[in-house]
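The lines below spell out each chain.
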Amino acid sequence: MDKLALDDFRERLSSRKRELYGRLVKIEHDLDEPMNADVPDRVTERENDEVLEGLGLAGQEEIRAIDAALDRIAAGTFGTCVRCGLPISTERLNAVPHAPLCQECAAEVAAGAK
């Protein structure tokens, strides 16, 4: 992969990471809000908190994946499947820039998880 493409992916990944950090700060702020005194409202708030916690965990997981992709860029291995060593298609990287696996290996991993 050429330097211009790598720079573009690095910027896209860094931008997404900043966006996720901003969301995580907002989620943390919302979770720190005191509960409503009204019992039915507290139940709704608790359900909302569970959704926020799930979104927060997903955001943290994506940040870890982005950090790993940035490490692969620094190491010169970005765009290469970490499982089979073959190139990851540009289409896949454009869709999921932090993808560590080629489409075939990702499908195999997903099928094995079922």
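Predicted, not measured: the structure shown is a model, and the values here were computed from it.

Brief notes about a negative patch on the surface
- Judged by side-chain charge, Glu28, Asp30, Asp32 and Glu33 come together as a negatively charged surface patch.
- Checked against the element boundaries, Asp30 lands in helix α1 (residues 3-32).
- Judged by its relative accessible area of 39%, Asp30 falls in the partly exposed class.

Examining the packing of aromatic side chains
- All told, the structure shown has 1 aromatic pair when counted by the stated rule.
- Seen from their ring centres, Phe9 and Phe78 are 5.2 Å apart, and the 50° between their planes marks the pair as tilted. Of the two residues, Phe9 is situated in helix α1 and Phe78 in the loop between α2 (39-75) and α3 (90-95); the sequence distance between them amounts to 69 residues.
- What makes Phe9 buried here is its relative accessible area of 4%.
- Assessed through its relative accessible area of 7%, Phe78 is described here as buried.

Some points on the nonpolar core
- Residues Leu13, Ile73, Phe78 and Cys81 are the most contacted members of the largest nonpolar core, which totals 17 residues.
- Those elements that provide at least two residues to this core are α1 and α2.
- Apart from the residues lying within four places of it in its own chain, the contact partners of Cys81 are Leu86, Ile88, Pro100, Leu101, Cys102 and Cys105.

Describing the environment of Val25
- Within the secondary structure, Val25 sits in helix α1.
- Once the C-alpha coordinates of Val25 and Leu57 are considered, the two residues, 32 residues apart in sequence, prove to be 12 Å apart.

A closer look at the pattern of salt bridges
- Enumeration over the complete set of coordinates arrives at 9 salt bridges.
- The partner of Glu19 in a salt bridge is Arg16, and the shortest N-O contact between them spans 2.8 Å. Taken together, the residues span about one helical turn, with Glu19 and Arg16 both in helix α1 at a distance of 3 residues.
- Arg16 gets classed as partly exposed once you look at its relative accessible area, which sits at 25%.
- Of the charged contacts in the structure, one is a salt bridge between Arg83 and Glu108, with a shortest N-O distance of 2.8 Å. Of this pair, Arg83 sits in the loop between α2 and α3 while Glu108 sits in helix α4 (residues 103-113), and the two are 25 residues apart along the sequence.
- The partly exposed category is assigned to Arg83, whose relative accessible area is 47%.
- The class of Glu108 is partly exposed, set by a relative accessible area of 47%.
- If you follow the salt bridges from partner to partner, you end up with Arg16, Glu19, Arg23 and Glu62 in one network.

Cut-offs applied
- Residues numbered from 1 in each chain as written.
- Predicted model: local features only at pLDDT ≥ 70, side-chain atom pairs only at ≥ 80, totals over all residues.
- Heavy atoms only, no water.
- Patch = residues over 30% accessible without salt bridge, like charges linked within 9 Å, V, L, I, M, F, W, Y side chains within 5 Å.
- Areas by Shrake-Rupley, 256 points an atom, 1.4 Å probe, with all protein chains shown as cover.
- Salt bridge = Lys/Arg side-chain N within 4 Å of Asp/Glu carboxyl O.
- Lys, Arg positive; Asp, Glu negative; His and termini not counted.
- Charge placed at Lys NZ, Arg CZ, Asp CG, Glu CD.
- Helix = DSSP H or I, 4+ residues; strand = E, 2+ residues; numbered from the N terminus.
- Buried < 20%, exposed > 50% of the residue type's maximum accessible area, 1.4 Å probe, protein only.
- Phe/Tyr/Trp six-rings, centres within 6.5 Å; stacked < 30°, edge-to-face > 60°.
- Core = buried A, V, L, I, M, F, W, Y, C linked by side-chain atoms within 4.5 Å.
- Contact = heavy atoms within 4.5 Å.

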